[in-house]
Amino acid sequence: MKCAALAAVPLVLSGCTGPLSTLSPSGPIAQDIAWLWWALLAGAALLALMVFVLVALGFGRPREVAEGRWVFGMGVWFSLAVLTLTLAGALWIGERMLPHGPALEVHAHARQWSWSFTHPGTTGRTETEGVLHIPAGRPVDVLLTSSDVIHSFWVPQLGGKMDAIPGRQNRLRIEAARPGTYEGLCAEFCGLEHASMRFEVIAHDPAAWPPLLTMEGSRP
Amino acid sequence: MSPPDVTAIPANPPRRALPLHRELDRVWRNGPGLWGQVTSVSHTTLGLRFMATAFVFFGIGGLLAMLIRAQLATPQSAFLDTALYNQIFTMHGSIMMFLFAIPMLEGLAMYLLPKMLGTRDLAFPRLSALGYWCYLLGGTILIAALLAGVAPADGWFMYTPLSGKTYSPGINADVWLLGVTFVEISALAAAIELMVSILRLRAPGMKLTQMPLFAWYILGTAAMMLAGFPPLILGSVLLEMERAFGWPFFDPERGGDPLLWQHLFWLFGHPEVYIIFLPAAGVLSTVIPVLCRTTIVGYGAIVAAILGMVFLSFGLWVHHMFTVGIPHLALAFFSAASMLVAVPTAVQIFAWIGTMWRGRPELKLPMLYILGFFFTFVMGGLTGVMLAVVPFNWQAHDTAFVTAHLHYVLIGGFVFPMLAGVTWWMPLMSGRRRIKGLGEAAFWLILIGFHGTFFLMHLTGLMGMPRRIPTYADNPEWMWLNLSSSFFGFVMTIGFALFTIDLILQAGFGKRSVRDPWQAPSLDWAMALPPPNYNFASLPGVELQKEGAGGAMLKLARGEGLLPGAPRGRREILVTSVGTARLEHVALLPFNTALPLVLALAICAFVLLMLAGFYALAPVALIPVTGLIWAWARRAVASVDAAPVEVAPGLLLPVHPEGGTTLTQSGLRCLLFADGTFFASLLFGLAFLSLVSPGPPLPAWGADQKVLLSALAGLSLLVTGGLGARWALGRVESGRPAGAALFGWVIVNLVALVALAALAAGLPDPTRHAGDAVRAALVAYVGLHITIAVLFSAFALDLARRGELAHGRAGALRNGWLWQGYTLAAAALATAALWAQEAAL
Amino acid sequence: MRQVGGMVWLGWLIAGPTAWAGAFSVAYGLHGLGCELGWPALDVGPLSLQRMAIALPSLAAILLCLVLLSRVKATLGPEAGLPRLGLWIGLIATLYTMAPVLVATSC
Ligand code: HEM
Ligand SMILES: [Cu+2]
Ligand SMILES: [Cu+2]
């Protein structure tokens, strides 16, 4: 089983990309989280290995054990140290991901079972269905609202996810490093057509921003 | 009479074991035939039945899991349509959590605890039976809904507004809310009686600090259930009120807040995971040392770890809500708590490994499952820590990664230890030995199947596959992962099928097992196999506890322990003190009865009427419920007769606690604790809706002088009632008639109810705004408690009329007094809360 | 050995974690309240009113644990072991969960 785990690593790096993969990030925020994941994975693999080896050694002949060393040394202090390290890293990256500082604001409005977006266009603020336009290379704050049930906005390659909750407005920061088309979906179960509540994010070259929106309301 | 020294109790003279067995068996056994099963209140029978029923539900849940996996095997399967798929995954999750895991651990604890603690049954045998019937009937409602195609379909955590009337118009969601709440009666019942049994029924001299670790684990579990289930029950009640009567607790347009549901649900939902894990860890702490032929490493540290888990796990519910838009500081707060709760888990893991180092582990079948546990649970725990890291959570939340994580924890941390436990205690439960080979094959199939299914799902999730979707036509890159998960899912199923066959073969055709086949020291093995309903022919004192199962077995069977036989034809057990288990008194347990079943049926009628939408008729069904509870209490009183009992040569114990605490009082305190968390959750709801929730502001109430007056009148009436009860108690204890005082108490409580009704009549329409609704809910809560206080006082009056209240036999009156005090406190707090709500406007 | 009742002993056992639970709930409640009322903007000495409000209950819990730790042996005698561990749990848990409060962005 461990071998399978190790074998999975290169597999992931090569073949396991895809338009929704968190492992092929396309922006600084998603990139941070991806690094975080690899670090967590490495740490977790080490710890798991350590425990499995200790269990296996338990099958040797009986030994004197120092109770305090096992339950307090390993159980409390060792685990507390590892956890504190993890927590500190989490807080640090978390603070970096927060919407601090100026960013372009766009609106995403969810309903069963589609998304509409409002963002700058050549003719002022423009609403589109199912496609969000953003500039590349710039942080963007998505303001999330919903008119019926809870949905969740997620573009795995550009950042984390955030719920769209009726009666509230949430803010999520995303960023695309390069121009391109990225896929997004509704991550929170929202009823019958939950699976098909997809959308697209088109990141434009900053030079061509704001975009000329011709096919309004359509999904390419 | 000063309490006898438990270390110096003389032994009873040995008798012939067989006549002693006959004498006890006549008194304790179940009635013959099917009716005997229906009326049984024995913890052995009910524990086994709980486990067997849970296993059947596990089968049903597993079947649904196979349907899910079949659907997901290919990207665009037309096997299940979406509506049905949604029902299926919702029912899979709900069945596994509410109808398998919780009842399974209740059953195991019920079955084992009296045996481990050296007593003959649990504190409230009729309550065990009531819990079972509620569980069975509630579970049947859920399964019937699935067969009828109207099963809940909003996911096992039933998020609002999706589960509200607008977006789930059918009865599907009502089935979940009412059915699960009905089943939770059994969880509360089990929690109360396990807690009281552990604290009060331990064999004399078995100190709290020396009892078997399993009992510590169950004590922690029971405490968590008492604190954890009330928020869920409250949430379900509120949501059902919204669906049935339009009280807008969760409706953002009228000042409600969907996040309140999430808080209430996860306030239960996270502790639930530990409620499930603790008993499983208890099994491990019991089995590992024996299979390693040594003692556990770090008994004290493990107890402290349990203590830490019980508390800390209530401080991390928000980690299920990291993506709802919560301030970073709160995220940090809950992230830290989530990290911290891993420490007690680590303490236990290292204690178990240390135990293996100290001893010589034997690779018997239960040990295989224990290794499966280590392998699986450690990975699940580590992915849990990852998910507590907020930035990572924002990517992994609601994806297949979470599905993988939760199954690593639930199957690794609960199912594997339970399989270890079942194989461990099967000789006890069936009296037979296992047939070699089959069990090992089942283990390997389950292990390989499990990891094959779920290991890959981590990756599927990281590649972006959300949970709860039936098709993924646009994402062919997920196909191979899903297909292999599905394939291994079927391998695992074959493993479980083999396991089941193995159990059936063992129970039906195994060779007779010797007594104590594992040479375990604990008292659960110091009895015949399979155990008779009375467990021990005589109860172990300090000396016999020291001798361990092997040494004590014969002496106990020959009546050398305490309270041998059943010479008075009654079901007698010993009640001891909480800390050091000093002898307190002898308690008489009830005989077999169909009352629990009838009561459960009456409650079921209420649930069904609510489900059918007959809201006007439903309260009528509460009349038989009340009547049956009254009869229940009357029977407990009527069985009392006051002559002291000789439990050992020259050692007489009273049948009443002489002013001490009865078992019923202990039980009532536990109930009030749960009630208190329910009330605290309601106050939390009030504060949340008034402070945090966005949306339209609460319109003014216009509370006037009249409202204030009726509130004050109600409160002072409750105080007066309490004083009346106290006065009556004083008179009863000193042997004077108390009829007039009791009559006054009843009347005063009735008038208090009228005052409350007057106040309620002046409330604004609860459908207007969530603030109005929660206010009305608070008033209704107080009203319910005053109504019950009326019943308590009337019951005491009835007893006095029959001359059954006397010095040392005033338990019912004390209980009523306790209830009155709680009601008063709740009413006062509710008044203060409403005043604060009004003042904040 | 001073004899105390089982319920009293259990009370000592859960005192530490209960102190943590109290501090945790109060701090969480005050945090929500403070965000509503704009406390993070108000400064009280070196800290904002918000952080003060959140830190104070924790300080109280820590003090309580310390005081009880100094008394536990005298009160419970040979049965003091487990309650002492419980108090340590309360102490460490409070310190640990409150630490991020001092650094993270508040609302
Ligand atoms: C017998 C082997 C099992 C298999 C193959 C299995 C499979 C699955 C799958 C594929 C899902 C995901 C549904 C989706 O994403 O749409 C799921 C969800 C779930 N499973 Fe299992 N499961 C098994 C056993 C268990 C057990 C033993 C438990 C608990 C004790 C459990 C608890 C849950 C829960 C709570 C959910 C979430 C349901 C929801 O999203 O509402 N499962 N299971
Ligand atoms: Cu959606
Ligand atoms: Cu949790």
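None of the values given here were measured: they were computed from a predicted structure. (Residues numbered from 1 in each chain as written. Chains lettered and ligands numbered in written order. Predicted model: local features only at pLDDT ≥ 70, side-chain atom pairs only at ≥ 80, totals over all residues. Heavy atoms only, no water.)

Colleague: Quick rundown of the domain arrangement of chain A? Include the residues and the values.
Modeller: Residues and elements named next belong to chain A. Split by domain assignment, chain A resolves into domain 1 (24-97) and domain 2 (104-208). The C-alpha centroid of domain 2 is placed 35 Å from the C-alpha centroid of domain 1. On the domain 1 side of the interface with domain 2, the three residues burying the most area are S26, P28 and I29, jointly 62% of the side's total. Our count for the domain 1 to domain 2 interface comes out at 0 salt bridges. On the surface where domain 1 and domain 2 come into contact, there are 3 residue pairs in polar contact (both at pLDDT 80 or more). (Domains from an automatic or database assignment. Buried area = accessible area lost by both parts, 1.4 Å probe. Salt bridge = Lys/Arg side-chain N within 4 Å of Asp/Glu carboxyl O. Polar contact = N/O pair within 3.5 Å; in protein donor to acceptor, adjacent residues only side chain to side chain.)

Colleague: Provide a residue-level description of the packing of aromatic side chains, including the pertinent values.
Modeller: Given two aromatic rings, one states the distance between the centres and the angle between the planes to describe the pair. What the rule picks out here adds up to 72 aromatic pairs over all chains. An angle of 90 degrees between the planes, with centres 6.0 Å apart, marks the rings of F250 of chain B and W261 of chain B as edge-to-face. Taken together, the residues span a long stretch of sequence, with F250 of chain B in the loop between α7 (213-245) and α8 (258-291) and W261 of chain B in helix α8 at a distance of 11 residues. Residue F250 of chain B shares its accessibility class with W261 of chain B, and that shared class is buried. Ring geometry for F450 of chain B against F454 of chain B: centres 5.1 Å apart, planes inclined by 40 degrees, an arrangement best described as tilted. Separated by 4 residues within a single helix, F450 of chain B and F454 of chain B lie in helix α15 (residues 438-462), roughly one turn from each other. Judged by relative accessible area, F454 of chain B falls into the buried class, the value being 8%. Taking NZ or CZ as reference, R63 of chain A lies 4.2 Å from the ring centre of W357 of chain B, over its face. (Phe/Tyr/Trp six-rings, centres within 6.5 Å; stacked < 30°, edge-to-face > 60°. Helix = DSSP H or I, 4+ residues; strand = E, 2+ residues; numbered from the N terminus. Buried < 20%, exposed > 50% of the residue type's maximum accessible area, 1.4 Å probe, protein only. Lys NZ or Arg CZ within 6 Å of the ring centre and 35° of its normal.)

Colleague: I'd like a description of the site of ligand 1, backed by residues and values.
Modeller: Residue and element names in this part refer to chain B. Among the 23 residues in the neighbourhood of ligand 1, the closest are listed as H92, W156, H407, R467 and R468. One nitrogen or oxygen atom from the side chain of Y85 is found 3.1 Å from an oxygen atom belonging to ligand 1. A distance of 2.8 Å is found between an oxygen atom of ligand 1 and a side-chain nitrogen or oxygen belonging to R468. Within the residue set of the shell around ligand 1, elements represented by two or more residues are α3 (43-72), α4 (82-117) and α14 (400-430). Residue classes in the shell around ligand 1 are distributed as 15 nonpolar, 5 polar and 3 charged. (Near = heavy atom within 4 Å. Nonpolar A, V, L, I, M, F, W, Y, C, P; charged D, E, K, R; others polar.)

Colleague: Could you give an account of the coordination of the copper ion (ligand 3), naming the residues involved and the relevant values?
Modeller: All names here are of chain B. Every protein donor of the copper ion (ligand 3) is accounted for by H270 (ND1), H319 (NE2) and H320 (NE2), and the metal-donor separations fall at 1.5 to 2.0 Å. Read in sequence order, the donor residues coordinating the copper ion (ligand 3) give the pattern H-x48-H-H. One end of the pair, H270, is in helix α8; the other, H320, is in the loop between α9 (299-312) and α10 (328-340), with 50 residues separating them in the sequence. When its relative accessible area of 6% is taken as the criterion, H270 is described as buried. Judged by its relative accessible area of 22%, H320 is partly exposed. (Donors = N, O, S within 2.8 Å, 3.2 Å for Na, K, Ca; no water.)

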